[in-house]
Structure formats: structure tokens, C-alpha cells
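Coordinate analysis (summary)
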Amino acid sequence: MKIRKAVKELDPYVPGKSQDEIAEEFNLKKEDIIKLGSNENPWGPSKKAIAAIQKEVGEINRYPESDLIELKKEIANYSRVSTDEVIVGGDGADEIIDIIAKVFISPGDEFIVPLPSYMYYEFLFKPYGAVPVYGKWDLKKNKLDLESVLNVITEKTKIIFLCSPNNPTGTLIPQKDIIKVLKATDAVVIVDEAYFEYSEVNNVNLINKYPNVFIMRTMSKVLGLAGMRIGYGLANGEMIEYMHRIKPVFSLTKLSYIAALNTLKDKNYIVESIEKGIESREFLFNKLNKIKSLNVFKSYSNYILVGIEKTGFKASELSKELLKNGIIIRDCTSFKGLDEYWVRVSIGTMKENKKFISIINTILE
Ligand SMILES: Cc1ncc(COP(=O)(O)O)c(C=O)c1O
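On a predicted model such as this, the values are computed, not experimentally measured, just so you know.

1. Here we look at the overall build of the chain
Counting its secondary structure elements, the chain contains 14 helices and 13 strands. Computed over its C-alpha atoms, the radius of gyration of the chain comes to 20 Å, within 12% of the 21 Å expected for a compact globule of 365 residues. Seen through its C-alpha atoms, the chain measures out along the principal axes to roughly 55 × 55 × 50 Å. Counting across all 365 residues of the chain, residues that qualify as buried make up 45%. If you take every contact in the chain between residues at least 6 apart in sequence, the share linking residues at least 24 apart comes to 72%.

2. A word on the environment of Lys-298
Relative to the helices and strands, Lys-298 resides in the loop between strand E10 (295-296) and strand E11 (303-307). For Lys-298, a count of 13 C-beta atoms within 10 Å corresponds to the partly exposed category. Taking the C-alpha atoms as reference points, Lys-298 and Asp-98, 200 residues apart in sequence, are found 31 Å from one another.

3. Brief notes about the sheet that holds E11
With mixed pairing, the five strands of this open sheet are ordered in space as E1-E12-E13-E11-E10. In this open sheet, the two edge strands, each paired with only one partner strand, are strand E1 (34-36) and E10. Relative to strand E12 (residues 327-331), E1 is paired through three bridges, and the arrangement is parallel. Considered in E12, the bridge of Lys-35 is made with Ile-328. Against the sheet, helix H12 (residues 267-289) engages E10, E11 and strand E13 (342-346), with an angle of about 15° to E11.

4. Here we look at helix H11 (residues 254-265)
Each full turn of the α-helix corresponds to 3.6 residues, which orients residues three or four apart in the same direction. Spanning twelve residues, H11 covers 17 Å between terminal C-alpha atoms, matching the ideal 16 Å at 1.5 Å per step. With respect to burial, H11 is a largely interior element, nine of its twelve residues being buried. Here the buried face of H11 lies against helix H3 (47-56), helix H4 (69-79) and H12.

5. Points about unusual backbone geometry
Residues other than glycine predominantly adopt negative phi, and peptide bonds predominantly adopt the trans conformation. Here Leu-115 and Pro-116 are connected by a cis peptide whose omega angle stands at 0°. Here Pro-116 shows up in the loop between strand E3 (110-115) and helix H6 (120-125). Following Ser-164, the chain continues into Pro-165 via a peptide bond in cis, with omega recorded as 0°. The residue Pro-165 is located in the loop between strand E6 (157-163) and helix H8 (175-184) in this model. Notably, Asn-27 is not glycine yet its phi reads approximately 55°, a positive angle. For Asn-27, the location among the structural elements is in the loop between helix H2 (19-26) and E1. You can call Asn-27 exposed: it has 8 C-beta atoms within 10 Å. Even without a glycine there, the phi angle at Arg-229 is positive, about 60°. Along the chain, the position of Arg-229 falls in the loop between strand E8 (213-218) and strand E9 (231-234).

6. With respect to the packing of H4 against H11
Running from N to C, H4 and H11 cross one another at 35°; their axes reach a closest spacing of 10 Å. Remark: the crossing between H4 and H11 carries left-handed chirality. Listed contacts from H11 to Glu-70, Leu-71, Glu-74, Ile-75 and Tyr-78 of H4 are Tyr-257, Ala-260, Leu-261, Leu-264 and Lys-265. In the contact of H4 with H11, the residues fall into seven nonpolar, no polar and three charged.

Rules behind the numbers
- Residues numbered from 1 in each chain as written.
- Predicted model: local features only at pLDDT ≥ 70, side-chain atom pairs only at ≥ 80, totals over all residues.
- Helix = DSSP H or I, 4+ residues; strand = E, 2+ residues; numbered from the N terminus.
- Rg over C-alpha atoms; globule rule 2.2 N^0.38 Å.
- Buried ≥ 20, exposed ≤ 12 C-beta atoms within 10 Å, placed from the backbone.
- Contact = placed C-beta atoms within 7 Å.
- Pairing = 2+ DSSP bridges.
- Axes fitted to C-alpha atoms, helices over the stretch in contact; angles between N-to-C directions.
- Expected span 1.5 Å × (residues − 1).
- Left-handed = near helix turned anticlockwise from the far one by under 90°.
- Nonpolar A, V, L, I, M, F, W, Y, C, P; charged D, E, K, R; others polar.

Right under this line is the structure:
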């Protein structure tokens with residue numbers, strides 16, 4: 001078969017395991033499994049969104065909206081931009097990354113990712129012939145090594161990914177550092193704000209000042225809609241207009257559209273999700289930090305990165321011990337820029353957190 005070289009050479013992306021997979025593998029009941037592996041909202045979706053979906057379900061014989069006007073207005077409102085500065089993606093933020101690649105990447109172009117970060121950027125960009133160039137996070141100081149990014153910018157750089165808060169470190173990039181990168185290049189700087197609500201800061205104000213900034217977001221986290229696959233991007237109208245030229249017109253399903261719209265209108269749900277999320281994170285941080293063998297990172301997101309080298313376990317081993325007890329966390333071995341001694345723990349409900357803390361204490365005793 002005449003498969004393209006870029007596809008033949010692609011390493012498969014390793015996502016967190018689902019509850020069904022784990023239930024089968026470890027002979028557990030699905031409802032007993034605690035999922036702390038994929039940075040979701042553990043309290044479930046907005047009840048108003050569920051009711052709206054139920055009302056719409058009889059209409060799925062019809063094609064969905066294509067121009068998404070009402071949803072763009074709601075997102076513009078939520079983000080404090082104008083509607084022509086909004087694009088919505090139907091496979092979550094992952095579709096937005098794919099559209100960016102289609103608009104900006106020709107084979108041989110470079111993109112920069114400071115490691116460790118979200119591995120899907122690379123997975124989506126490589127099939128377009130894009131070449132990854134890596135900067136780095138300073139894990140000792142838990143901050144972006146800004147020079148490591150500035151030093152690798154060249155004429156071939158088309159896109160720079162700055163994830164803030166960064167997945168998996170949970171760390172914010174100070175806006176002054178983002179500005180230094182924006183000023184150093186005319187490449188597009190994607191500020192990935194998938195988790196911005198948990199940090200209570202954002203970088204939307206940069207859109208009016210820098211034509212090369214693109215803010216990327218998702219409804220999979222605070223907004224509780226990971227299964228509906230909705231993402232959005234914010235940038236100056238010209239960039240957004242080019243992106244709309246190649247975006248698949250019907251990629252957002254009817255039910256996803258309804259879910260997004262009604263969740264954004266449910267302001268109480270959003271406020272509560274943020275408050276409970278931050279409370280859960282701080283609880284986990286304080287409890288994990290008491291375990292002497294763990295290197296627990298301060299997080300501004302809905303997960304915590306934990307170095308486990310001193311425990312005597314590798315990440316794969318500790319994850320397996322937890323799985324046997326019905327708890328899914330993220331073994332970070334597949335993240336470039338981390339060795340085999342890192343795990344990431346997502347926030348759970350308080351009941352889930354307490355069970356997790358009790359089990360991890362027993363395992364590490
Ligand atoms: C940093 C970051 N960006 C983007 C995404 C993509 O989210 P989605 O495709 O679910 O919208 C994720 C998902 O985990 C993420 O961690």
C-alpha cells in the first residue's frame with residue numbers, strides 16, 4: 001500500500017484508559033471504578049444541558065447547524081471577545097489543532113513545543129509533514145524555560161504551543177513570558193487554555209494587541225462535556241476567517257451544539273464546577289504532599305503532577321497497583337520530557353479523593 005511516510009512513522013497516541021477497559025481487564029464493576037486519569041469534571045454535566053439534549057434527541061434525523069451563530073455569541077460573551085473572533089471545533093480542541101495545521105503547515109515547517117506538554121499537538125501535526133522542535137520546562141523550578149523556546153525559533157517556525165496551565169505540570173506561564181515569545185516571532189503562538197478556569201487567569205487581552213496569538217480552549221474540562229467533543233479558539237478576525245474556510249461545516253453534532261449552548265447559559269453550574277474543582281485540587285495537593293516519598297507539584301489546573309522516584313515504584317507499576325484497587329490515574333511514561341517516574345492525578349469528588357488517598361497510603365506504606 002502506498003501509505004504516506006509521515007503516517008508510517010507516526011507513533012500512536014496513548015490516551016488514558018476508559019472505565020469499561022479497566023473493568024474488563026481487572027474484573028471490576030464499572031460503577032466501582034474511580035477515574036482520576038483524564039482531567040474530566042467528576043461531578044457530571046449541567047442538568048440543564050441534559051434536559052435540553054433530551055428535548056432535541058428526536059431531531060437528529062436533521063443536519064446540525066453549520067454557522068453556529070448563537071453558540072458563537074454565547075462563547076464570545078463568556079470569553080469577552082466579539083463573535084468574529086471565535087471558531088468552534090467539533091472534535092474538541094483537537095479539531096482546532098487540526099484546523100491550525102491545515103491553515104499554517106506545509107511539509108518541512110517547524111513547530112515548537114516545550115516538553116513535557118500535551119502530546120496530541122505532535123500527533124496531529126506530524127501527518128502534515130511538520131517537524132517538532134522542543135523547548136523545555138524546568139522541572140526543578142516548575143516553570144517554563146523561556147530561553148529554551150526563544151533559542152529554537154527560526155525562519156521555519158510556523159507554530160509555537162504554550163500550554164497554560166501546562167498539561168501535565170499544572171503550571172502557569174506568566175503573561176510577560178508569552179509576550180516575549182509573541183514579540184520574537186511572526187509565527188502563531190497558540191496559548192492552550194484548556195484548563196484556564198481552574199487558574200482564574202487568562203490571556204484573552206492579548207488578542208487585540210498581537211495578530212499572531214491564538215487562544216485555544218475546550219468544553220471538556222470545567223464545562224463537563226468531554227464526551228460531546230467541543231472546543232473553541234479565539235483570535236483576531238482575519239485568522240479566524242481563514243480557519244473557517246477549511247473547517248468541516250457539520251463537525252459539531254446537533255446534540256453537542258445544544259449541550260454547549262445550555263451549559264454556557266448555566267452560570268451556576270460553571271461557578272460551582274470551578275469552586276469544587278479548586279477545592280478538590282487543594283485537598284489532593286495537601287494530602288499527597290504529606291507523603292514524604294512523593295514530589296508533588298503545585299497546580300493551577302484540575303490535575304496534579306507527582307514524581308514518584310523515591311517510592312521504589314515505576315509509574316507503570318504504581319498505576320497498576322492502583323488499578324487493582326479500581327483507581328485510574330495517568331502513567332506519564334508516554335509524555336516526552338518525563339522519565340518513567342511520573343504520574344498525573346486528576347481531581348475527583350471528595351468521596352473519590354478520600355478513597356484514593358487511603359489506598360495510595362496503603363500501597364506506599
Ligand atoms: C492541554 C490540553 N489541550 C487540549 C486538550 C483537548 O481537549 P479536547 O479535545 O477534549 O477538547 C486537552 C485534553 O486533555 C489538553 O489537556
